[in-house]
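One letter stands for each residue in the lines below.
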Amino acid sequence: MKTYLLDSLNRIKRKGENLDAKTILCNKSWLIFNDSGDKELYIFQENGEVLISLNGIVSKGSWQYIPANKSIVISVKENSYMLHPSFMANNMMALKLDGTERYMLMIEEKSRLAHNVKTIEDINNHFISIEEAERNKEHEEKRKEQEAILLDKETKLRNEANKAWLENEAVIMAKNKKYQKYKLYSRVIIFLTYCSLILFVVLLCNPEIAIEATLFFLVFCILLGFGANLSTKLNKIYDIEKGNFLENYLNK
């Protein structure tokens, strides 16, 4: 069992205190990282036994999870080691040797990572990439949080602005002479439209004056066109006034 000092790991957020060590460790073949070239495997059994293979030579030991201080005790021959699970991600588990700043690194043998890390530099680069990913994740979460706060403020402010507009709408539109002029024209057009429609229906009942009925129908259609045009102009003026009011309110 070889341990390492890893500053890159110390900078990463701890993810080991609440790990279900027994579930994670058992029934998997763990490659113990070392830079000596030896292949060392640990296989943790649920009955508390650990099989240790060093370059194919197998020996047996025991292991136990200690809930009191959230540690794992591994006993090999005459030696016992107390280790604290500190980090688990990407098929790698780091266990800190109690009372030190040194780590034992275990990698799932069947994972791609087991074939990609051969040196301590590879390990450091791996943890640096995790650190950068965590930092980017934090920045993204903060950015989204700030955006949510700003959006919430903007939504509340817009709701206030719309409420203020409804309270002042009648006074503001009453002061707009062009709007009031078109509004008057629109009322006249509506009145004339209804009148022409009524006259058309009345005259249509008399076949002898079908031509006059047709003329009133044409007048009705023309008035409808004028009415639609005036309605568009009124809506445009209204939207401009409302837009200006809301913009001024939001810029205060």
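Refer to the preceding data block for the structure.
Anyway, here's the lowdown on the structure attached to this text. (Residues numbered from 1 in each chain as written. Predicted model: local features only at pLDDT ≥ 70, side-chain atom pairs only at ≥ 80, totals over all residues. Heavy atoms only, no water.)

1. Some points on the overall build of the chain
No. 1: In terms of helices and strands, the chain carries 6 helices and 9 strands.
No. 2: In terms of overall dimensions, the chain is more spread out than a globule: its C-alpha atoms have a radius of gyration of 40 Å, far above the 18 Å expected for 252 residues.
No. 3: Along the longest, intermediate and shortest principal axes, the C-alpha atoms of the chain span 120 × 50 × 35 Å.
No. 4: Each of the 252 residues in the chain was classed as buried or not, and the buried ones make up 34%.
No. 5: Accessible surface computed for the chain: about 16,400 Å², of which carbon and sulfur atoms make up 56%.
No. 6: Across the chain, 35 positive and 33 negative side-chain charges occur, with their mean positions spaced 6 Å apart. (Helix = DSSP H or I, 4+ residues; strand = E, 2+ residues; numbered from the N terminus. Rg over C-alpha atoms; globule rule 2.2 N^0.38 Å. Buried < 20%, exposed > 50% of the residue type's maximum accessible area, 1.4 Å probe, protein only. Areas by Shrake-Rupley, 256 points an atom, 1.4 Å probe, with all protein chains shown as cover. Lys, Arg positive; Asp, Glu negative; His and termini not counted. Charge placed at Lys NZ, Arg CZ, Asp CG, Glu CD.)

2. Digging into a positive patch on the surface
No. 1: Taken together, the side chains of Lys-178, Lys-181, Lys-233 and Lys-236 define a basic patch exposed on the protein surface.
No. 2: Broken down by secondary-structure element, the contributors of at least two residues to the positive patch are helix H5 (177-204) and helix H6 (210-250).
No. 3: Along the polypeptide, Lys-236 turns up in helix H6. (Patch = residues over 30% accessible without salt bridge, like charges linked within 9 Å, V, L, I, M, F, W, Y side chains within 5 Å. Salt bridge = Lys/Arg side-chain N within 4 Å of Asp/Glu carboxyl O.)

3. What about the nonpolar core?
As a rule of thumb, soluble globular proteins bury nonpolar side chains together.
No. 1: By size, the foremost hydrophobic cluster in this structure holds 21 residues, and its most contacted members are Leu-25, Trp-30, Tyr-42, Phe-44, Ile-74 and Met-106.
No. 2: If you list the elements that add at least two residues to this core, you get helix H2 (21-25), strand E2 (29-32), strand E3 (40-44), strand E4 (49-54), strand E6 (71-76), strand E7 (79-89), strand E8 (92-97) and strand E9 (102-108).
No. 3: Excluding anything up to four places from it in sequence, Leu-25 contacts Trp-30, Phe-44, Trp-63, Ile-72, Met-93 and Met-106.
No. 4: Among the nonpolar cores identified, the runner-up in size contains 19 residues, and Leu-6, Phe-33, Leu-113 and Ile-123 belong to it. (Core = buried A, V, L, I, M, F, W, Y, C linked by side-chain atoms within 4.5 Å. Contact = heavy atoms within 4.5 Å.)

4. Side note on the environment of Thr-214
No. 1: Residue placement: Thr-214 occurs in helix H6.
No. 2: For the pair formed by Thr-214 and Leu-204, sequence separation is 10 residues and the distance between their alpha carbons is 8.2 Å.

5. Some thoughts on the pairing of E6
No. 1: When you tally the buried positions in E6, you get 6 out of 6 residues, the bulk of the element.
No. 2: Where burial is concerned, the two faces of E6 agree: the one with Ser-71, Val-73 and Ser-75 and the one with Ile-72, Ile-74 and Val-76 are both buried.
No. 3: Bridge analysis of strand E5 (residues 57-66) against E6 gives 5 bridges, and the strand direction is antiparallel. Among the inter-strand pairings, Gln-64 is bridged to a residue of E6, identified as Val-73.
No. 4: Hairpin connection from E5 to E6: 4 residues lie between these consecutive antiparallel strands, with Lys-70 at a positive phi of about 50°.
No. 5: Here 5 bridges tie E6 to E7, and the two strands are oriented antiparallel to one another. Looking at E7, one finds that Ser-75 is bridged to Ser-80.
No. 6: Between E6 and E7, which follow one another and run antiparallel, lie 2 residues, and Lys-77 among them has a positive phi close to 55°. (Pairing = 2+ DSSP bridges.)

6. Points about the pattern of salt bridges
No. 1: If you walk through the whole model with that rule in mind, you get 9 salt bridges.
No. 2: We note a salt bridge from Glu-109 to Lys-39, for which the minimum N-O separation is 3.1 Å. Within this pair, whereas Glu-109 is found in the loop between E9 and helix H3 (113-116), its partner Lys-39 is found in the loop between E2 and E3, the two being separated by 70 residues in sequence.
No. 3: For Glu-140, the salt bridge goes to Arg-143, with nearest N and O atoms at 2.4 Å. Placement of both Glu-140 and Arg-143 in helix H4 (residues 120-175) is noted, with a separation of 3 residues, approximately one turn of the helix.
No. 4: Among the ionic contacts, a cluster of salt bridges with common partners joins Glu-140, Arg-143 and Glu-147.

7. Quick notes on H4
No. 1: With 56 residues, H4 should cover 82 Å at 1.5 Å per step; its first-to-last C-alpha distance of 78 Å lies within 8% of that length.
No. 2: Along H4, the sharpest change in direction is near 55° and occurs at Asn-168.
No. 3: Every buried residue of H4 is listed here: Ile-123, His-126, Phe-127, Ile-130, Glu-131, Glu-134, Ala-161, Ala-164, Trp-165, Ile-172 and Met-173. (Expected span 1.5 Å × (residues − 1). Bend = angle between axes of the 7 residues up to and from the residue.)

8. With respect to H5
No. 1: For H5, spanning 28 residues, the distance from its first C-alpha to its last is 40 Å, which sits close to the expected 40 Å at 1.5 Å a residue.
No. 2: Along H5, the positions that sit buried rather than exposed are Tyr-179, Tyr-182, Ser-186, Ile-189, Thr-193, Ser-196, Phe-200 and Leu-203.
No. 3: Regarding H5, its N-cap is Asn-176, as a side-chain oxygen of that residue lies 3.2 Å from the backbone nitrogen of Lys-178 further along. (Polar contact = N/O pair within 3.5 Å; in protein donor to acceptor, adjacent residues only side chain to side chain.)

That is the geometry; function is a separate question.
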